[in-house]
Amino acid sequence: QTEFPHPSRTRYIAVANQKGGVGKTTTAVNLSAAWAEAGMSVLFIDMDPQGNGSTAFGAAHNPDVVSVYDVIEGRAKFQDAMQGCEDFSTIDIVPSNINLSGAELEIADMDNRVFLLRDALREYLDHTDKHYDYVVIDCPPSLGLLVLNALSAVQEVLIPIQAEYYALEGLGQLIKTISLVQQSTNPTLIVSTMLVTMVDRRTLLSKEVYSQIKQHYPDIVLDTDIPRSVRVSEAPSYGQSVIAYDPRSIGAVAYRKAAYEIACRSEETLKRIPR
Ligand code: ADP
Ligand code: MG
């Protein structure tokens, strides 16, 4: 097994794209799992009311379970919502559930409405002995308040891009939103990583999409891409990442490689983020 370098300080990464079905959750889950497998300590925060990331980690997330919804609205502490992960002892999971879909309206009039997640996270990290190598936030498919909370709580955005004909459509809007966040609530935020997902290596289209994105964002797009594979899509129904479900499958190998590439870029990336 390859030795992964630990980042010299915690990397805070939001996995975001307002398009649904591009591989956000799959990417957030499997990168987290790959880092944990390599001995990194990971905090996974599910900010999507769908709770797919919670499901994929086998975390309880029925509406009665304390979740990130209670945390951002101040009814519960981070620790109260946190769950362990059966497959990886070094992952802590803060699940979401469908209640979170009410949050956007409920917090809309608060002055600190975009800082609720950031402040709860800070409060937790200031009072725990735990050190995390990676804090990973899975975003819902929108550009609403939940996403703004995620973007205000992290230092990096990772954008998964599905290898399809319309891949770059909507990317401009996402980049614009990120710029607005930089100008208002989080000046040091960067787009550190783009990952091309669901690649069908047999098709010319996938290759063309990859090289087009790579041309636009040469330093940001990972060399590794993620192939489309049935094992990847099956894993969540067993409450597992593909890293745990089928460690030698092409999807697991690809996500491990992507996780390694991101880890190897840590110092270069952290240099772009002032303390
Ligand atoms: P998002 O979080 O952006 O909505 P998901 O990660 O949930 O996207 O992925 C959308 C769908 O595509 C899911 O059913 C997921 O299992 C499937 N999927 C994601 N990545 C792959 C892949 N590499 N191969 C096959 N299916 C995938
Ligand atoms: Mg998702």
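Not measured: the values here are computed from a predicted model.

(A) Geometry of the site of ligand 1. As a structural note, the neighbourhood of ligand 1 is formed by 17 residues, with Lys-24, Thr-25, Thr-26, Val-232 and Ser-233 the closest of them. Put simply, the parts of the chain that give the shell around ligand 1 at least two residues each are helix 1 (24–37) and helix 10 (230–234). Residues of the shell around ligand 1, tallied by class, amount to five nonpolar, 10 polar and two charged.

(B) Region of the structure containing the environment of Thr-185. Counting through the fold element by element, Thr-185 comes out in the loop between helix 8 (171–184) and strand 7 (190–197). Given 16 C-beta atoms within 10 Å, Thr-185 falls into the partly exposed group. Filtering out sequence-adjacent residues up to four positions away, Thr-185 remains in contact with Val-114 and Ser-152.

(C) Quick look at the environment of Val-71. The topology assignment puts Val-71 in helix 3 (residues 68–72). With 25 C-beta atoms packed within 10 Å, Val-71 lands in the buried category. Between the C-alpha atom of Val-71 and that of Leu-117, which follows or precedes it by 46 residues, the distance is 7.7 Å. When near neighbours in sequence (up to four residues on either side) are disregarded, Val-71 contacts Ala-76, Phe-78, Ala-81, Val-94 and Ala-120.

Definitions and limits used
- Residues numbered from 1 in each chain as written.
- Chains lettered and ligands numbered in written order.
- Predicted model: local features only at pLDDT ≥ 70, side-chain atom pairs only at ≥ 80, totals over all residues.
- Near = placed C-beta within 6 Å.
- Helix = DSSP H or I, 4+ residues; strand = E, 2+ residues; numbered from the N terminus.
- Nonpolar A, V, L, I, M, F, W, Y, C, P; charged D, E, K, R; others polar.
- Buried ≥ 20, exposed ≤ 12 C-beta atoms within 10 Å, placed from the backbone.
- Contact = placed C-beta atoms within 7 Å.

None of this, on its own, says anything about what the molecule does.
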